[in-house]
Amino acid sequence: MTSESIASPSPFAAAWSLCRREIVRFLRQRNRIIGAIGQPIIFWLLFGTGLTGVFRTSGQGGSDESFTVYFFPGTLLLIVLFTAIFATISIIEDRNEGFLQSVLVSPIPRWSMVLGKVLGGTILAVGQAMIFLLLGYFVGIHMNAVQLLSIFGLLVVVGIGLTSLGFWLAWRMDSTQGFHAVMNLLLMPMWLLSGAFFPIPTNTSSPGQWILSWVMTLNPVTYALGAIRQILHAETTPSFLGGETTGQFWLPGVGLGVTITILFAIVMFALACRAAGKTRRGDWI
């Protein structure tokens, strides 16, 4: 049998195989399930309960809501972030175990491998986030079908962006310990400075407030969180194109948030594909 008679595998079929492998691996590791969704729920309950008595946004011109409700969108993104960390760390494990080398020598394009890994992590992240989203009904967060579908689509885009970012970082590393350190150093501040704990200040009279405002404004996760928050409170803050200023704080609009989030996902996926296209030490060992 000649090499010409052997049919080349479909890149999308190969991507789906790698995606399904990530899902099966996740379901077989119960500690990952507990860590990915359990820890954000604990954070939400502890911080929400502890800070509800001192947190109010009505004094700044916003709605009178508890910190449990305010922290809810941030917890959604935290679940996606944790899943991105756990999903992309498998790249280092696959390289050390030899599985990655067998994928690299197969006749499939590198972007197909990246797509499979990213889709697997995104499906896991969005699935867990949607389970948590349904828990919002118990704290008075009611959504219609349009809001639910809108948040679902936005979470998919966020999952692609964060998982691609995790892939891009993991591809360059050889140890899981170093990967965890870098991810915590990068992704956790991205989440903390996204408006999950506190909104973006508009009063920049002090240098500290000015720096904080600009860092939060340049953070791409800020726009995903702002869009989710606007969608959840569509009845009271229907800002779709620009941004909304409520007293001393600023919140990105839905249109701006969706646009920045899509661009972030595209750029991160392109960077992940570019990184995977370069041979590095350890890929063939």
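Before reading further, recall that the structure is shown in the block above.
Keep in mind the model is a prediction, meaning the values are calculated, not measured.

A. Representation of the overall build of the protein within the structure. Counting its secondary structure elements, the protein contains 12 helices and 3 strands. When burial is assessed residue by residue, the protein has 49% of its 285 residues classed as buried. Put simply, 75% of the contacts in the protein that link residues at least 6 apart link residues at least 24 apart. Accessible surface, the protein as shown: approximately 13,400 Å² in total, 69% of it carbon and sulfur.

B. Quick look at helix α8 (residues 145-170). Taking 1.5 Å of rise per residue, the 26 residues of α8 would be expected to cover 38 Å, and the 37 Å separating its terminal C-alpha atoms lies within 8% of that figure. Of the residues flanking the start of α8, the one acting as N-cap is Asn144, its side-chain oxygen 3.1 Å from the backbone nitrogen of Val146.

C. Highlighting the packing of helix α7 (residues 110-134) against helix α12 (residues 254-276). It is at 9 Å that the axes of α7 and α12 come closest, and there the two elements cross at 130°. The angle between α7 and α12 falls in the class oblique. Note that α7 runs across α12; the crossing there is right-handed. Contacts between α7 and α12 involve Arg110, Trp111, Met113, Val114, Leu115 and Val118 from the first element and Phe269, Ala272, Cys273 and Ala276 from the second. Its residues assigned to classes, the contact of α7 with α12 shows 9 nonpolar, no polar and 1 charged.

D. Spotlight on the pairing of strand β3 (residues 249-252). The side-chain alternation of β3 yields two buried faces, one formed by Phe249 and Leu251 and the other by Trp250 and Pro252. Of the strand pairs in this sheet, strand β1 (residues 200-201) and β3 are connected by 2 bridges, and their pairing is antiparallel. Pairing of Pro201 across the sheet is with Phe249, part of β3.

E. A nonpolar patch on the surface, seen in detail. Together, Trp210, Ile211, Trp214, Val215 and Leu218 make up a nonpolar patch on the protein surface, roughly 540 Å² of accessible area in all. Along the chain, Ile211 falls in helix α10 (residues 207-218).

F. A look at the pattern of salt bridges. In total, this model carries 6 salt bridges according to the counting rule given. Linking Glu22 and Lys117 is a salt bridge whose minimum nitrogen-to-oxygen distance equals 2.7 Å. Remark: Lys117 occurs in helix α7 and Glu22 occurs in helix α1 (residues 11-28); sequence separation between them is 95 residues. Assigned by exposure class, Glu22 and Lys117 land together as buried. For Asp94, the salt bridge goes to Arg25, with nearest N and O atoms at 2.8 Å. Taken as a pair, Asp94 in helix α5 (residues 90-97) and Arg25 in helix α1 lie far apart in primary sequence, 69 residues in all. Because the salt bridges share partners, they merge into one network encompassing Arg21, Glu22, Arg25, Glu93, Asp94 and Lys117.

Reading the values: the criteria
Residues numbered from 1 in each chain as written. Predicted model: local features only at pLDDT ≥ 70, side-chain atom pairs only at ≥ 80, totals over all residues. Heavy atoms only, no water. Helix = DSSP H or I, 4+ residues; strand = E, 2+ residues; numbered from the N terminus. Buried < 20%, exposed > 50% of the residue type's maximum accessible area, 1.4 Å probe, protein only. Contact = heavy atoms within 4.5 Å. Areas by Shrake-Rupley, 256 points an atom, 1.4 Å probe, with all protein chains shown as cover. Expected span 1.5 Å × (residues − 1). Polar contact = N/O pair within 3.5 Å; in protein donor to acceptor, adjacent residues only side chain to side chain. Axes fitted to C-alpha atoms, helices over the stretch in contact; angles between N-to-C directions. Parallel < 35°, antiparallel > 145°, perpendicular 65-115°, else oblique. Left-handed = near helix turned anticlockwise from the far one by under 90°. Nonpolar A, V, L, I, M, F, W, Y, C, P; charged D, E, K, R; others polar. Pairing = 2+ DSSP bridges. Patch = residues over 30% accessible without salt bridge, like charges linked within 9 Å, V, L, I, M, F, W, Y side chains within 5 Å. Salt bridge = Lys/Arg side-chain N within 4 Å of Asp/Glu carboxyl O.

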